[in-house]
Amino acid sequence: MFLELSPLGYHAGDISRTICEMQGVLGVHDVHIWSIGHGVPAFSAHVLLNDRKISETDIIRRDIEEKLSHLGIRHTVLQMECAECRTDALYCQLPGAEDVHHHH
């Protein structure tokens, strides 16, 4: 049986607040932190941003990854999401998409 453990000393709420304080970030949700091996913490989250080019989101992604690296987290999976997504746009037609909350 495979067991995922939350690494000691890492708190999803604290890390989320740190990311939310970064320039360009409007919110963070669907946050997960776990160990993928002894002493190897991993982190994933959805990051809410203003509408922008993909190339501009990459700068924010690298800044977040650098910040997390300083916390000892070197394996990250970040999904960038648009805060101003139109409800008639392809990616906003999913059920519940209009109920996006900015800070989780």
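Residues numbered from 1 in each chain as written. Predicted model: local features only at pLDDT ≥ 70, side-chain atom pairs only at ≥ 80, totals over all residues. Heavy atoms only, no water.

*Asks:* Which residues make up the sheet that holds strand β1 (residues 25–37), and what values go with them?
*Replies:* On the basis of which strands lie adjacent, the open sheet formed by 3 strands has the order β1-β2-β3 and mixed pairing. Each having just a single partner strand, β1 and β3 (75–82) make up the two edges of the open sheet. When the angles between neighbouring strand axes are averaged without regard to direction, this sheet yields 10°. Taken together, the 8 bridges between strand β2 (residues 40–49) and β3 define a ladder with parallel strand orientation. Counted as the bridge partner of leucine 48 is glutamate 81 from β3. With respect to the sheet, helix α1 (residues 12–20) is in contact with β1 and β2, its orientation differing from that of β1 by roughly 135°. (Pairing = 2+ DSSP bridges. Helix = DSSP H or I, 4+ residues; strand = E, 2+ residues; numbered from the N terminus. Axes fitted to C-alpha atoms, helices over the stretch in contact; angles between N-to-C directions. Contact = heavy atoms within 4.5 Å.)

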